[in-house]
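Understanding the architecture of this molecule
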Amino acid sequence: MNNNVYAEIGVSDKVYALGEKVLNALHDRFEQIDQTAEYNQAKVIAAMQKNRVNATCFAATSGYGYNDVGRDTLEQVYADTFHTEAALVRPQITCGTHALAVALSANLLPGDELYSPVGRPYDTLEEVIGIRESACSLAEYGVTYSETPLLPDGSIDYDSIRTAIHPNTKLATIQRSKGYATRPTLSVQQIGDLIRFMKEIKPDLICMVDNCYGEFTEKIEPSDMGADMIVGSLIKNPGGGLAPIGGYICGTKHCIDRCAYRLSAPGLGQEVGANLGLMPQLYQGFFLAPTVTAAATKGAIFAAAMYEQLGFRVVPASSEDRHDIIQAIELGSEEAMVAFCSGIQAAAPVDSYVTPIPWDMPGYDSKVIMAAGAFVQGSSIELSADGPIRPPYAVYFQGGLTWCHSKLGVLMSVQKMLDASLISL
Ligand SMILES: *Cc1c(COP(=O)(O)O)cnc(C)c1O
């Protein structure tokens, strides 16, 4: 391919050539990802057909939003795609953390214990749970918390889990993706095995999976493997880049009813919540989500392969199976994190001229750097990179609505590392 356009946009011949060399070895991986996308695309279309999605579903509603056909049908499409009894999918759920907070607070009462069998959950949940003191945390309402860390090799510590579950253990939260940690992401199969193990110990244990970044990376979801609730954000995978806001909780009718009462009010539940004209984006985004997720997954594998080649530790390795779209790259210094992120920023269609710098962010306890030139603010299904400024100085690279954009981002990041003399080619 003629790389003049890359030279024009700032990628040198050397970096471009390295990229092509690395890509040559990835054809089989990419073929596998396309097969997963094809399967999931059919799954979503089948759910839309079953629910007779039609133009009336796209109409805006306002006020209370009683009898909102678009909203109710969309929820049924999510439920059928993820094979759950019920779903709550709403623009009134403001983000992934909100969806998780609703799912937890709706299903835990004073005296109950929340339990994480896979170590410390995502940073923003620490305040939801009360691991870090916060007004209105679950701890303030008398919900206790315990956790079992993963073993040093990232595997699940079944022996410790057996003794950690007791009569008050009401809800287990399982985070699929690594979040801001360099542990392995859990496969849906691993999550299924864990759920089965815990339910043998305590059959009425509610198992919730934080499914953020995992949707559509495999042919099955945790809800196919016994999860009572799966929870995520619409500005990640399932929104397909088009959803401008929203979150989802899919699961058993019992759990979802409670979530709806918590989100709106007891007695109101899913009956209220106008769609405000967002239905076209939410439907079309879900339709695009399988292929958008595939584009992002290819970008993650390309990033892994490139940075492996340059001698950095990457999690997961380029040859490993993928269970989410996140690529961690341990860059070893703040300067390298800044250079990497400035490359991602420079590749963006929006805000490409700004320079990302480390900053204090609400919900996080160390400074965070974020690169994003997104159409939807903070959208991390769009090409983005971020990470907390703390050892091992890992950046978390994710997204890309198209594979081509993701590729450009990786090439640009390498270029910026080279320009800053942090690597040599
Ligand atoms: C992104 C994410 C969240 C929180 O989502 P926000 O939409 O940023 O609030 C929770 N858990 C995991 C694993 C995530 O990746």
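Counting restarts for each chain, with residues numbered from 1 along the sequence as it is written. Restriction of local features to residues with pLDDT of at least 70 applies here, the model being predicted, together with a cutoff of 80 or more for giving and counting side-chain atom pairs; totals for whole chains, interfaces and linings are based on all residues. Water and hydrogen atoms play no part in the side-chain values, which are based on all heavy atoms of the structure.

**Topic: the environment of serine 342**
Put simply, the rule reads: Secondary structure follows DSSP: runs of H or I at least 4 residues long count as helices, runs of E at least 2 residues long count as strands, and numbering of each begins at the N terminus. It only takes one pair of heavy atoms within 4.5 Å for two residues to be counted as in contact.
Mapped onto the elements of the fold, serine 342 is located in helix α11 (residues 334-346). Remark: the alpha-carbon pair of serine 342 and valine 315, spanning 27 residues in sequence, is separated by 21 Å. Setting aside anything within four residues of it in sequence, one finds serine 342 in contact with Pro356 and Lys416.

**Quick look at the sheet that holds strand β12 (residues 394-398)**
Test applied: Two strands are said to pair when DSSP picks up at least two bridges between them. For helices, the fitted axis covers only the stretch in contact; all axes are lines through C-alpha atoms, and the angles between them, taken along N-to-C directions, range from 0 to 180 degrees.
Taken together, 5 strands build an open sheet; the order of strands is β8-β9-β12-β11-β10 and the sheet is antiparallel. A strand with exactly one partner marks an edge of an open sheet, and here the two such strands are β8 (313-315) and β10 (368-372). Across the sheet, the axes of successive neighbouring strands diverge by a mean angle of 20°, strand direction being ignored. Looking at chain direction, strand β11 (residues 384-388) and β12 are connected through 3 bridges and run antiparallel. Following the sheet pairing, aspartate 386 is matched in β12 by tyrosine 396.

**Looking at the packing of helix α3 (residues 27-50) against helix α10 (residues 279-309)**
Spelled out, the test is: To sort the angles, those under 35 degrees are grouped as roughly parallel, those over 145 as roughly antiparallel, those from 65 to 115 as roughly perpendicular, and the leftovers as oblique. Polarity classes work like this: nonpolar for Ala, Val, Leu, Ile, Met, Phe, Trp, Tyr, Cys and Pro, charged for Asp, Glu, Lys and Arg, and polar for all others, with Gly in that last group.
In contact at an axis separation of 9 Å, α3 and α10 are set at 170° when each is read in the N-to-C sense. What the angle tells us is that α3 and α10 run roughly antiparallel. The residues of α10 that touch α3, namely those facing Arg29, Phe30, Ile33, Asp34, Ala37, Asn40, Gln41, Val44, Ile45 and Met48, are Tyr283, Phe286, Phe287, Pro290, Thr291, Ala294, Thr297, Lys298 and Ile301. The class makeup of the residues in the contact of α3 with α10 is 12 nonpolar, 4 polar and 3 charged.

**Digging into the site of the ligand**
In plain terms, the rule: Whether a residue is near a molecule or strand is decided by its heavy atoms; if any one of them lies within 4 Å of it, the residue is near. Distance and chemistry together define a polar contact, namely a pair of N or O atoms within 3.5 Å, with one atom able to donate a hydrogen and the other to accept it when in protein, and with adjacent residues in sequence counting only for side-chain atoms on both sides. Accessibility throughout is a Shrake-Rupley quantity obtained with a 1.4 Å probe, and a residue counts as covered only by protein chains that appear here. Cavities and pockets are defined on a 1 Å grid built over the protein atoms alone: a cavity is a set of grid points where a 1.4 Å probe fits but cannot escape, while a pocket is an open set with protein on both sides within 12 Å along at least five of seven lines, and lining residues are those with an atom within 4 Å of any such point. To be counted as sitting in a cavity or pocket, a molecule needs more than half of its atoms within 2 Å of that site's grid points.
As a matter of local geometry, the ligand sits amid Cys95, Gly96, Thr97, Leu100, Tyr122, Gln175, Asp210, Cys212, Tyr213, Ser233 and Lys236. Measuring from an oxygen atom of the ligand, one finds a backbone N or O atom of glycine 96 at 2.7 Å. With respect to the ligand, the side chain of threonine 97 contributes an N or O atom lying 2.5 Å from an oxygen atom. Burial of the ligand by the surrounding chains reaches 90%, relative to a free accessible area of 380 Å². The cavity where the ligand resides is the largest pocket. Top element by residues in the shell around the ligand is helix α5 (residues 96-107). It accounts for 3 residues. Residues of the shell around the ligand, tallied by class, amount to 5 nonpolar, 4 polar and 2 charged.

**Overview of the state of the cysteines**
Basically, it comes down to this: The definition used for a disulfide is geometric: two cysteine sulfur atoms within 2.5 Å. Only protein chains enter the accessibility calculation, which uses a 1.4 Å probe. A residue is then buried if its area is under 20% of the maximum for its type, exposed if over 50%, and partly exposed in between.
In the structure shown here, the tally under the stated rule is 0 disulfides. Cysteine cysteine 57 remains unbridged, with the sulfur of cysteine 250 as its closest cysteine sulfur at 17 Å. Relative accessible area serves as the criterion here: at 1%, cysteine 57 is assigned to the buried category. This cysteine, cysteine 341, is not joined by any disulfide, and cysteine 212 carries the nearest cysteine sulfur, 20 Å off.

**As for the sheet that holds strand β6 (residues 229-233)**
Spatially, 7 strands are ordered β1-β7-β6-β5-β4-β2-β3 in an open sheet, and the strand pairing comes out mixed. Strands at the two margins of the open sheet, each flanked by one partner only, are β1 (86-90) and β3 (144-147). Shown here is a sheet whose adjacent strand axes are inclined to one another by a mean of 20°, direction ignored. Bridge count between β1 and strand β7 (residues 247-251): 5 bridges; the pairing is antiparallel. Counted as the bridge partner of arginine 90 is glycine 247 from β7. Helix α9 (residues 253-263) rests against β1, β5 (206-210), β6 and β7 of the sheet, and its axis sits at about 30° to β1.

**Describing α3**
Applied cut-off: Expected helix span is taken as 1.5 Å per residue step, with the number of steps being one fewer than the number of residues.
Taking 1.5 Å of rise per residue, the 24 residues of α3 would be expected to cover 34 Å, and the 35 Å separating its terminal C-alpha atoms lies within 8% of that figure. On its buried face, α3 sits against α2 (13-24), α4 (69-81), α10 and α12 (403-419). Following α3 by one or two positions, arginine 52 has its phi on the positive side, about 50°.

**Examining the layout of surface pockets**
Defined as follows: Grid points are joined across faces, edges and corners, and a volume is the space filled by probe spheres set on the points. Domain start and stop positions are those given by an automatic or database domain assignment.
Computed from the structure, the largest pocket encloses a volume of approximately 1000 Å³. In terms of lining, the largest pocket is formed by 45 residues, of which the most central are Ile235, Met361, Tyr364, Met370 and Gly378. When its residues are assigned to classes, the lining of the largest pocket shows 22 nonpolar, 19 polar and 4 charged. Residue-level mapping places the lining of the largest pocket at the junction of two domains, with at least three residues from each of domain 1 (2-41 + 291-419) and domain 2 (56-286). Forming the boundary of the second largest pocket are 21 residues, of which Ala101, Ser105, Ala106, Leu138 and Arg262 lie nearest the centre.

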